[in-house]
Amino acid sequence: MWRPTVTGIPAPTAATIFGTWTWSPVVDTLVVAAAAGYLFLTWRAARRRLRWPLLRTVCWLAALMLVIVAVDSALATYSHALFSVHMVVHLLLIMVIPALLVWAQPIRLLHDASGAATAIDRFRASRVFRILVSARFTVPLYSAVLLLTHLTGFQQAMSTHMWIHDSELALYLVTGYLLLLPLAGDELNVEPERPHGLRFVVLAICVGPDTLVGVTLMMSSTVLAPAYAGSRDWGPSALADQNLAGIIMWLGGDGLMMLIMITVAGQWIRVADRDTGLGPWLDGIRHRALLGTTTIDADVDHEQAALDAYNARLALLNGRPPRTRPSAPGHSVPRTAVAPRPEIEPTATPPRSDDSPDREEPQ
């Protein structure tokens, strides 16, 4: 990604703010390709008489425009001179743009209009995808990215090495998208979908790292990245700029997360009539434990079906092929092979005679 030299950045004026633009060949090419591909798929969806809401297309184009603003505008230029401006870019990349991408639902569009539905469903059901969008992975990743890139010497290294700067921007975008993909909207991801109550709790947990980073930078008396102030001879001191960055992270980060939580709450209210809470999600976990999949071909609540499914699971773990037992016409339930019980021939009992020696005569 090409950037002008970070030394000698002029003081911001109306002319420099609105007239400073740079060219990032790789990012700009990807943005144009993403816009063209999305619009082409919406055209294919229309030809197939599939209704695609205009709001989703608006969200997609808005996200791409914000990517251009983050990497090509004066915001990108002054993010090399002011920690506070760099924090604004961070919030755009880790919260605003990912949320818009999720609301645009590109995976669903690709699934419905590209003809690759089978491949997409297979990937969504894969273990890799489930791990990538699991809160057990995304929440620690989100927390680690925020803490390690703000409260260590990373900002100083990023300010002096452009490849670290570019990698950081990509890391923020990917981290935010993976976190919000199963939480912020109705985009196709894993099945069953996360209950809205659980989504709300996960988002509330993510407010913690935002607050910790923001308050720490706001209250700190040690300059973590002096390279910002070293690239200019105007504006606030390095410490004042760092404290302002903390305020932006605290208020801006928490505020944006609250807006996403309000959006999730609105979705929760809209589906309240058909939402069954944690039931389907917990059932999906139970089905994976018993059958190794969320596709339910048998009622695991039925006693015999549950036993057969459990035995089949054990047989597969032990490397033995399960045997199927038909439970209904055209349907079979996995069942482990059981050794046949040997038949015992009844033994003939000899008749007892009246003069048997052990028979007592009545007195």
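- Naming follows an unreviewed UniProt entry, where the protein appears as Cytochrome c oxidase assembly protein of Nocardia nova.
- Quoted verbatim from the Subcellular location (unreviewed entry) heading of the UniProt record, the comment on the protein is "Cell membrane".

1. A word on the overall build of the protein
Part 1 of the reasoning: The helix and strand inventory of the protein stands at 16 helices and two strands.
Part 2 of the reasoning: With 363 residues in all, the protein has 39% of them scored as buried.

2. A closer look at unusual backbone geometry
Backbone phi values are negative for most residues with the exception of glycine, while trans is the configuration of most peptide bonds.
Part 1 of the reasoning: The phi angle at Arg 49 is positive, at roughly 60°, despite the residue not being glycine.
Part 2 of the reasoning: Structurally, Arg 49 is set in the loop between helix 2 (25-47) and helix 3 (54-72).
Part 3 of the reasoning: With relative accessibility at 78%, the residue Arg 49 sits in the exposed group.
Part 4 of the reasoning: Not every positive phi belongs to a glycine, and Gln 105 is a case in point at roughly 55°.
Part 5 of the reasoning: Among the structural elements, Gln 105 can be located in the loop between helix 5 (83-104) and helix 6 (106-113).

3. Quick notes on the UniProt feature "transmembrane region" (unreviewed entry) in the protein
Part 1 of the reasoning: When the UniProt feature table is mapped to this numbering, "transmembrane region" (unreviewed entry) covers residues 20-41, 53-71, 83-104, 128-149, 169-188, 200-224 and 244-265.
Part 2 of the reasoning: Between the end C-alpha atoms of residues 20-41 there is a gap of 34 Å, over a span that is 77% helix and 0% strand.
Part 3 of the reasoning: Along residues 244-265 one finds 100% helix and 0% strand; the C-alpha atoms at either end are 31 Å apart.

4. Here's the deal with empty space enclosed by the protein
Part 1 of the reasoning: Here the structure, examined in full by the defined rule, presents one cavity of 30 Å³ or more.
Part 2 of the reasoning: Estimated volume of the largest cavity: approximately 40 Å³.
Part 3 of the reasoning: Considering the residues around the largest cavity, the lining is formed by Phe 83, Val 223, Ala 225, Tyr 228, Ala 229, Ala 238, Asp 241 and Gln 242.
Part 4 of the reasoning: Per element, the largest residue contribution to the lining of the largest cavity is three residues, and it comes from helix 14 (residues 238-270).
Part 5 of the reasoning: Within the lining of the largest cavity, the residues separate by chemical class into six nonpolar, one polar and one charged.

5. Re the packing of aromatic side chains
Part 1 of the reasoning: Evaluated as defined, the whole model comprises five aromatic pairs.
Part 2 of the reasoning: With a centroid separation of 4.8 Å and 10° between ring planes, the pair formed by Tyr 38 and Trp 60 is classed as stacked. With Tyr 38 in helix 2 and Trp 60 in helix 3, the pair connects residues that are 22 residues apart, well separated along the chain.
Part 3 of the reasoning: What makes Tyr 38 buried here is its relative accessible area of 3%.
Part 4 of the reasoning: In this structure Trp 60 comes out as buried when scored by relative accessible area, which is 12%.
Part 5 of the reasoning: Sitting above the plane of the Trp 52 ring, Arg 56 keeps its charged end 4.5 Å from the centroid.
Part 6 of the reasoning: Lying over the aromatic face of Trp 234, Arg 232 brings its terminal NZ or CZ to 5.5 Å of the ring centre.

6. A word on the nonpolar core
Part 1 of the reasoning: Ranked by internal contacts, the top residues of the largest apolar core, which has 63 residues, are Tyr 142, Leu 180, Leu 203 and Met 257.
Part 2 of the reasoning: Those elements that place two or more of their residues in this core are helix 2, helix 3, helix 5, helix 6, helix 9 (135-150), helix 11 (162-180), helix 12 (196-219) and helix 14.
Part 3 of the reasoning: Counting seven residues, the second largest nonpolar core, distinct from the first, contains Ala 74, Tyr 78, Ala 81 and Leu 82.

7. Here's the deal with helix 12
Think of an α-helix as turning once every 3.6 residues; residues three or four places apart then point the same way.
Part 1 of the reasoning: Helix length check: helix 12, at 24 residues, gives a terminal C-alpha distance of 35 Å against a target of 34 Å (1.5 Å per residue), a fit within 8%.
Part 2 of the reasoning: His 196, Arg 199, Val 202, Leu 203, Cys 206, Val 207, Pro 209, Asp 210, Val 213, Gly 214 and Leu 217 are the residues of helix 12 that are buried.

8. Things to note about the environment of Ala 225
Part 1 of the reasoning: By secondary structure assignment, the location of Ala 225 is in the loop between helix 12 and helix 13 (227-230).
Part 2 of the reasoning: Given the relative accessible area of 4%, Ala 225 is considered buried.
Part 3 of the reasoning: Counting along the chain gives 68 residues from Ala 225 to Ala 157, while the straight-line C-alpha distance between them is 8.2 Å.

9. With respect to the environment of Val 264
Part 1 of the reasoning: With respect to the helices and strands, Val 264 occurs in helix 14.
Part 2 of the reasoning: Note: C-alpha distance between Val 264 and Asp 186 (78 residues apart in sequence) is 9.8 Å.
Part 3 of the reasoning: Residues in contact with Val 264, not counting those within four places in the same chain, are Leu 183, Ala 184, His 196, Arg 199, Phe 200 and Leu 203.

10. So, a nonpolar patch on the surface
Part 1 of the reasoning: Together, Leu 244, Ile 247, Trp 250 and Leu 251 make up a nonpolar patch on the protein surface, roughly 340 Å² of accessible area in all.
Part 2 of the reasoning: Its location among the elements puts Ile 247 in helix 14.

11. Comments concerning the packing of helix 5 against helix 14
Part 1 of the reasoning: Look at helix 5 against helix 14: their axes get within 8 Å of each other, and the N-to-C directions meet at 15°. Taken together, helix 5 and helix 14 sit at an angle that is classed as roughly parallel. Helix 14 is crossed by helix 5, and the crossing has right-handed handedness.
Part 2 of the reasoning: A class-by-class count of the residues in the contact of helix 5 with helix 14 yields 15 nonpolar, six polar and one charged.

Quick notes on the rules
Residues numbered from 1 in each chain as written. Predicted model: local features only at pLDDT ≥ 70, side-chain atom pairs only at ≥ 80, totals over all residues. Heavy atoms only, no water. UniProt positions renumbered as here; feature names shortened; annotations may be inferred. Helix = DSSP H or I, 4+ residues; strand = E, 2+ residues; numbered from the N terminus. Buried < 20%, exposed > 50% of the residue type's maximum accessible area, 1.4 Å probe, protein only. 1 Å grid on protein atoms, 1.4 Å probe; cavity = no way out; pocket = protein on both sides within 12 Å on 5 of 7 lines; lining within 4 Å. Points joined across faces, edges and corners; volume = space filled by probe spheres on them. Nonpolar A, V, L, I, M, F, W, Y, C, P; charged D, E, K, R; others polar. Phe/Tyr/Trp six-rings, centres within 6.5 Å; stacked < 30°, edge-to-face > 60°. Lys NZ or Arg CZ within 6 Å of the ring centre and 35° of its normal. Core = buried A, V, L, I, M, F, W, Y, C linked by side-chain atoms within 4.5 Å. Expected span 1.5 Å × (residues − 1). Contact = heavy atoms within 4.5 Å. Patch = residues over 30% accessible without salt bridge, like charges linked within 9 Å, V, L, I, M, F, W, Y side chains within 5 Å. Areas by Shrake-Rupley, 256 points an atom, 1.4 Å probe, with all protein chains shown as cover. Salt bridge = Lys/Arg side-chain N within 4 Å of Asp/Glu carboxyl O. Axes fitted to C-alpha atoms, helices over the stretch in contact; angles between N-to-C directions. Parallel < 35°, antiparallel > 145°, perpendicular 65-115°, else oblique. Left-handed = near helix turned anticlockwise from the far one by under 90°.

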